[in-house]
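Geometric and topological summary
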Amino acid sequence: MSNAAQLDRRAVRGRAVRVGDLAIGDGMPVAVIGGQDARWLSLRGHHGGIPADEVICRARAGWDGPLLVEPFSAADLDAIARHADGVVVGAAWMQDFALVRAVARLGLPVIVQRGRAATLEEWLAIVDYCVAEGNDLVVLCESGSRTPLEGVPLDLTLMRAARERSGRPVIASIGGGDGGADDGVLAAAAVAAGADGLLLDPGAPPAVVIAAHEAATVLAPLVRPEAPATLAEARAAIDRVDAALATLLERRVALAGTIQRLKPVGGFQGRDMERERRLVAAMACRAPRLGEERLAPVMNAVIEAGLRLAEAERGDARLRSHGSPDHA
Ligand SMILES: O=C(O)C(=O)C[C@]1(C(=O)O)C=C[C@@H](O)C=C1
């Protein structure tokens with residue numbers, strides 16, 4: 001990836017929006033709303049039939065963390081101000097300017113979903129409405145276009161442009177309520193495109209939540225360089241890189257195991273030092289600061305761990321096929 005293609009996370013740092021104790025747009029990590037980082041709740045389904053206080057208090061009872069609420073109408077706003085940490089202006093309400101203004105006046109962070117047919121200009125204009133009411137705590141949420149598809153038809157180019165043009169955090173609404181986002185592809189695409197957060201449908205099943213967190217944790221460090229300023233931030237950033245590294249190591253060890261089964265002579269006996277030298281040289285091109293000399297012992301340890309595991313697993317398989325020693 002070229003430097004130009006890399007996202008400058010620092011540019012957004014000053015614009016981070018805090019929802020409860022969750023910072024959205026603070027570089028990293030990518031926030032998962034509807035997952036472990038924050039919950040949200042829509043009052044639209046109730047059509048004002050159940051008092052907002054009651055619905056929000058029920059959600060609050062089981063959740064101490066950041067809570068965002070989407071109103072059904074302006075009548076819900078007092079209850080939202082009492083119990084919520086932020087407000088979601090749903091896509092269908094984006095151009096209800098009176099509602100947007102009233103929401104902004106609460107002074108809580110506002111997540112503005114893009115209306116299904118709204119242009120970039122129309123979407124960004126809503127930020128101005130909020131700012132005009134004295135509320136600068138705005139996050140933009142891309143939530144898909146009109147084309148009816150099974151998943152959310154996200155416009156990630158538009159999301160990127162919104163981030164660049166507004167200088168504000170952007171998140172992507174990836175759905176999941178119908179189970180459609182559990183392969184993590186949409187979450188990964190949104191993270192790669194620079195989303196500061198992912199918004200899952202309330203009630204998204206655990207597989208969807210896990211896939212979103214995986215994209216946020218494992219993919220983000222690969223596609224976004226970080227510039228931590230404090231020890232705690234730097235350690236958190238290293239933890240994210242280690243999560244990605246561990247995922248790749250686990251994958252590597254599985255592949256190395258397959259190779260040992262496919263080779264005429266596998267394991268330590270069939271070691272190929274020339275192949276190892278070549279793979280270290282290729283890796284050094286991607287890790288020039290470490291270089292071949294420093295990488296070689298690292299990869300030697302990785303390769304030997306893989307060979308030891310492959311031999312142990314082969315031994316286990318043999319034992320299983322011949323019966324355990326106790327029964328031999
Ligand atoms: O490529 C192979 O032949 C392997 O067995 C895999 C592998 C590796 O883990 O990358 C392991 C041992 C060999 O010495 C070389 C490479």
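Here the structure is shown first, and the text comes after it.
So, a few notes on the structure that sits alongside this text. Predicted model only: the values in this text are computed from it and were never measured. (Residues numbered from 1 in each chain as written. Predicted model: local features only at pLDDT ≥ 70, side-chain atom pairs only at ≥ 80, totals over all residues. Heavy atoms only, no water.)

What about the packing of aromatic side chains?
Inspection of every chain in the model, using the stated rule, returns 2 aromatic pairs. Ring plane angle 70° and centroid distance 6.3 Å describe the contact between Phe-72 and Trp-93, whose orientation is recorded as edge-to-face. You can see Phe-72 sitting in the loop between strand 5 (67-70) and helix 3 (77-83) and its partner Trp-93 sitting in the loop between strand 6 (86-89) and helix 4 (97-105), a full 21 residues away along the chain. Measuring from centroid to centroid gives 4.8 Å for Phe-97 and Tyr-129, while their planes differ by 15°, and the two rings are stacked. On the criterion of sequence distance, the pair formed by Phe-97 in helix 4 and Tyr-129 in helix 5 (residues 120-132) is long-range, its members being 32 residues apart. Residue classification places Tyr-129 among the partly exposed residues on the basis of a relative accessible area of 25%. Over the ring of Trp-93 we find Arg-44, and its NZ or CZ is 4.9 Å from the ring centre. (Phe/Tyr/Trp six-rings, centres within 6.5 Å; stacked < 30°, edge-to-face > 60°. Helix = DSSP H or I, 4+ residues; strand = E, 2+ residues; numbered from the N terminus. Buried < 20%, exposed > 50% of the residue type's maximum accessible area, 1.4 Å probe, protein only. Lys NZ or Arg CZ within 6 Å of the ring centre and 35° of its normal.)

Points about the site of the ligand
Taken together, Arg-252, Ala-256, Ile-259, Gln-260, Lys-263, Arg-271, Asp-272, Arg-275, Glu-276, Leu-279, Ile-303 and Leu-307 are the residues near the ligand. The contact in question runs from an oxygen atom of the ligand to an N or O atom on the backbone of Asp-272, over 2.8 Å. Among the elements of the structure, helix 9 (231-262), helix 10 (273-286) and helix 11 (291-322) are those that each provide at least two residues to the shell around the ligand. By residue number, the principal contributor to the shell around the ligand is helix 9, which donates 4 residues. Its residues assigned to classes, the shell around the ligand comprises 5 nonpolar, 1 polar and 6 charged. (Near = heavy atom within 4 Å. Polar contact = N/O pair within 3.5 Å; in protein donor to acceptor, adjacent residues only side chain to side chain. Nonpolar A, V, L, I, M, F, W, Y, C, P; charged D, E, K, R; others polar.)

As for helix 10
Under the 1.5 Å per step criterion, the end-to-end length of helix 10 is 21 Å for 14 residues, consistent within 8% with the ideal 20 Å. Restricting attention to buried positions, one finds in helix 10 the residues Glu-276, Leu-279, Val-280 and Ala-284. Across the axial projection of helix 10, the buried residues extend over an arc of 145°, all falling on one side. In this fold, the buried residues of helix 10 make contact with helix 9 and helix 11. Its side-chain oxygen placed 3.2 Å from the backbone nitrogen of Glu-274, Asp-272 serves as the N-cap of helix 10. (Expected span 1.5 Å × (residues − 1). Arc of directions from axis to C-beta. Contact = heavy atoms within 4.5 Å.)

Structural notes on the environment of Arg-101
Within the secondary structure layout, Arg-101 lies in helix 4. Judged by its relative accessible area of 35%, Arg-101 is partly exposed. Ignoring sequence-local partners within four residues, the contact set of Arg-101 consists of Tyr-129 and Glu-133.

Remarks on the packing of helix 8 (residues 206-223) against helix 9
Following both chains from N to C, one finds helix 8 and helix 9 inclined at 100°, their axes separated by 8 Å at the closest point. By the angle class used here, helix 8 and helix 9 are roughly perpendicular. Together, Thr-217, Val-218 and Pro-221 of helix 8 and Arg-240, Val-241, Ala-243, Ala-244 and Thr-247 of helix 9 make up the contact between the two elements. Residues belonging to the contact of helix 8 with helix 9 are distributed by class as follows: 5 nonpolar, 2 polar and 1 charged. (Axes fitted to C-alpha atoms, helices over the stretch in contact; angles between N-to-C directions. Parallel < 35°, antiparallel > 145°, perpendicular 65-115°, else oblique.)

Here we look at the pairing of strand 4 (residues 39-42)
Pairing between strand 4 and strand 5: 4 bridges, direction parallel. Counterpart to Arg-39 in the pairing with strand 5 is Leu-67. (Pairing = 2+ DSSP bridges.)

A word on the pattern of salt bridges
Here the structure, examined in full by the defined rule, presents 15 salt bridges. A salt bridge links Arg-114 to Glu-142, with the nearest nitrogen and oxygen atoms 2.6 Å apart. You can see Arg-114 sitting in the loop between strand 7 (110-113) and helix 5 and its partner Glu-142 sitting in strand 8 (residues 138-142), a full 28 residues away along the chain. Taking relative accessible area as the criterion, Arg-114 reaches 2% and is therefore assigned buried. Note that Glu-276 and Arg-271 form a salt bridge whose closest N and O atoms lie 2.8 Å from each other. With relative accessibility at 10%, the residue Glu-276 sits in the buried group. Taken together, the shared-partner salt bridges connect Arg-101, Arg-105 and Glu-133 into one network. (Salt bridge = Lys/Arg side-chain N within 4 Å of Asp/Glu carboxyl O.)

Re the sheet that holds strand 6
With parallel pairing, the 8 strands of this open sheet are ordered in space as 3-10-9-8-7-6-5-4. Two strands in the sheet have a free side with no partner beyond their single neighbour: strand 3 (31-33) and strand 4. Neighbour-to-neighbour, the strand axes of the sheet open up by a mean angle of 25°, direction not taken into account. Set on the sheet, helix 6 (residues 156-166) makes contact with strand 8 and strand 9 (170-175); between it and strand 9 the angle comes to about 160°.

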